[in-house]
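A look at the structure
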Amino acid sequence: MQEPILTLNNATIYQENKVILSQINLTVNPGDFIYIIGKTGTGKSSFLKTLYGDLPLTVGEGSIEGHNLVTLKESEIPFLRRKLGIVFQDFKLLPDRTVKENFLFVLKATGWDNKTEMQNQIEDVLTRVGMQGFANKMPHQLSGGEQQRVAIARALLNDPELILADEPTGNLDPQTSVEVMEVLRKINQNGKTIIMATHDYALLMKYPSKTLKCEDGAIFEVVQKTV
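Read on for an overview of the structure. Sequence order sets the numbering: in each chain, residues are counted from 1 along the sequence as written. Given that the model is predicted, a residue must reach a pLDDT of at least 70 before its local features are reported, and side-chain atom pairs must reach 80 or more before they are shown or counted; all residues, however, enter totals for whole chains, interfaces and linings. Side-chain numbers come from the whole structure's heavy atoms, not from hydrogens or water.

**Describing the overall build of the protein chain**
Strands are runs of DSSP state E lasting at least 2 residues, helices are runs of H or I lasting at least 4, and numbering of each runs from the N terminus. The number of helices and strands found in the protein chain is seven helices and ten strands. Its C-alpha atoms give the protein chain a radius of gyration of 17 Å, within 12% of the compact-globule value 17 Å for 227 residues. By principal-axis analysis of the C-alpha atoms, the protein chain measures approximately 45 × 40 × 40 Å. Split into buried and exposed, the 227 residues of the protein chain put 49% on the buried side. Summed over all atoms, the accessible surface of the protein chain reaches about 11400 Å², with 47% contributed by carbon and sulfur. None of His or the chain ends enter the tally, which takes Lys and Arg as positive and Asp and Glu as negative. A charge is said to be at NZ when it belongs to Lys, at CZ for Arg, at CG for Asp and at CD for Glu. Side-chain charges in the protein chain split into 24 positive and 27 negative, and the spacing between the mean points of these groups amounts to 2 Å. In this setup the radius of gyration rests on C-alpha atoms only. A globule is expected at 2.2 Å times the number of residues raised to 0.38. To sort residues, take the accessible area from a 1.4 Å probe on protein chains only and compare it with the maximum for the residue type: under 20% means buried, over 50% means exposed, and anything in between is partly exposed. The protein chains shown are the only cover counted for residues, whose accessible areas, like all others here, come from Shrake-Rupley with a 1.4 Å probe.

**Remarks on the side chain of Gln121**
Counting through the fold element by element, Gln121 comes out in helix α4 (residues 115-128). We define a polar contact as two N or O atoms separated by no more than 3.5 Å, with the added condition that, inside protein, one atom must be a possible hydrogen donor and the other a possible acceptor, whereas residues neighbouring each other in sequence contribute only through side-chain atom pairs. A distance of 2.6 Å separates a polar side-chain atom of Gln121 from the backbone oxygen of Leu157. In this description, contact between two residues means that some pair of their heavy atoms is separated by no more than 4.5 Å. Setting aside anything within four residues of it in sequence, one finds Gln121 in contact with Trp112, Leu156, Leu157 and Asp159.

**Thoughts on the pattern of salt bridges**
Note on pairing: side chains with opposite charge can pair once their charged atoms come close. Between Lys or Arg on one side and Asp or Glu on the other, a salt bridge is scored when a side-chain nitrogen of the former is within 4 Å of a carboxyl oxygen of the latter. For the structure on display, the rule yields seven salt bridges. When the shortest N-O distance is used, the salt bridge between Glu167 and Lys44 registers 3.9 Å. In this pair, Glu167 is assigned in the loop between β7 (162-166) and α6 (174-189) and Lys44 in helix α1 (residues 44-51), connecting sequence segments 123 residues apart. Here Arg128 and Asp124 are joined by a salt bridge, their closest N and O atoms 3.4 Å apart. A residue pair is termed a helical-turn pair when its members lie 3 or 4 positions apart in one helix, as Arg128 and Asp124 do in helix α4 at four residues. Classification of Arg128 by relative accessible area gives partly exposed; the value is 29%. A single network of salt bridges, built from pairs that share partners, joins Asp159, Glu161 and Lys192.

**Digging into the packing of helix α5 (residues 144-155) against α6**
In the contact formed by α5 and α6, the axes pass within 9 Å of each other and the chain directions differ by 15°. The orientation of α5 with respect to α6, classified from their angle, is roughly parallel. In this structure, the crossing between α5 and α6 has a hand that is right-handed. Across from Gly145, Gln148, Arg149 and Ile152 in α5, the residues of α6 making contact are Thr176, Glu179, Val180, Val183, Leu184 and Ile187. Asp, Glu, Lys and Arg are counted as charged, while Ala, Val, Leu, Ile, Met, Phe, Trp, Tyr, Cys and Pro are counted as nonpolar; the rest, among them Gly, fall into the polar class. Class assignment of the residues belonging to the contact of α5 with α6 gives a composition of five nonpolar, three polar and two charged. Here, axes are lines fitted to C-alpha atoms. For helices the fit covers the stretch in contact, and angles between N-to-C directions go from 0 to 180 degrees. Orientation categories follow fixed angle ranges, with anything under 35 degrees roughly parallel, anything over 145 roughly antiparallel, 65 to 115 roughly perpendicular, and all other angles oblique. For any pair of crossing helices, the crossing counts as left-handed if the nearer helix is rotated counterclockwise from the farther one by less than a right angle, and right-handed if it is rotated clockwise.

**Thoughts on the nonpolar core**
Among buried residues, the Ala, Val, Leu, Ile, Met, Phe, Trp, Tyr and Cys ones that are joined through side-chain atoms within 4.5 Å form a nonpolar core. Among the nonpolar cores identified, the biggest contains 39 residues, and Tyr35, Phe103, Leu126, Ile152, Met181, Leu184 and Met196 are the most heavily contacted of them. Ranked by residue count, the leading element in this core is α6, at six residues. Not counting residues up to four positions away in its chain, the partners in contact with Phe103 are Ile122, Val125, Leu126, Val150, Ala153, Arg154 and Leu157. Formed by 33 residues, the second largest nonpolar core is a distinct cluster that contains Ala11, Leu69, Ile86 and Leu164.

**Looking at the packing of aromatic side chains**
Note on aromatic pairs: the rings of Phe, Tyr and Trp (six-membered ring only in Trp) are paired at centre separations within 6.5 Å, and the planes decide the class, stacked below 30 degrees, edge-to-face beyond 60, tilted for the rest. All chains considered together, the criterion is met by two aromatic pairs. Ring centres 6.3 Å apart and planes at 85° place the aromatic pair Tyr52 and Phe88 in the edge-to-face group. Within this pair, whereas Tyr52 is found in the loop between α1 and β4 (57-64), its partner Phe88 is found in the loop between β6 (84-87) and α3 (99-109), the two being separated by 36 residues in sequence. With respect to class, Tyr52 is no different from Phe88; both count as buried. Sitting over the face of the ring of Phe88, Lys92 holds its NZ or CZ atom 5.1 Å from the ring centroid. Charge-over-ring contacts are defined here by two conditions on Lys NZ or Arg CZ: a distance within 6 Å of the ring centre and an angle within 35 degrees of the ring normal. Across from the ring centre of Phe33, 4.5 Å away, lies the NZ or CZ of Arg185, which sits over that ring.

Okay, here's the thing in structure tokens:
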């Protein structure tokens, strides 16, 4: 039996000494697709930030991709993030570099040095999100949906087992949101684990999956019909 990707036991998440979420108990297994929902300010982003080391976990127990979140040192955070793919609402592409140059920046920063291998990896991830042929485009030449596909491809560069997506469709129109979700679902069906924060309930109805809700300082599983 495979080890869980993520475990949290009686974990409490703080931001600037304020309790955001408490008594979190969660196990995420390889291949899961999990939504995190809740109103703005209920802790969705803080939850994800804790998982990728942006907020420390000081209460409870937590492990992600073999890293202990409680004892995680600042110097270890880059090694954790190499095992994760992170997708943001606002894409976070470097505006003065082409798609390829954006990807090379990430690959070099995470230890790649073979030019042929880097080129092959860039072509592979772009193909996986339906963006082959866009390597030499600048971000401003792409639509919002295309930029988000590129951002998802960037998250795949180091072949992570877990992708954390924070409102990845938040800046997109409904049709483009569906297209981006199709990309994420395909990636999930190919074996990657995805945790996705969203406020887009239409996507939850179209693509039902395990759903956790942040509310009143707690996070709990909800069944689809009560979302």
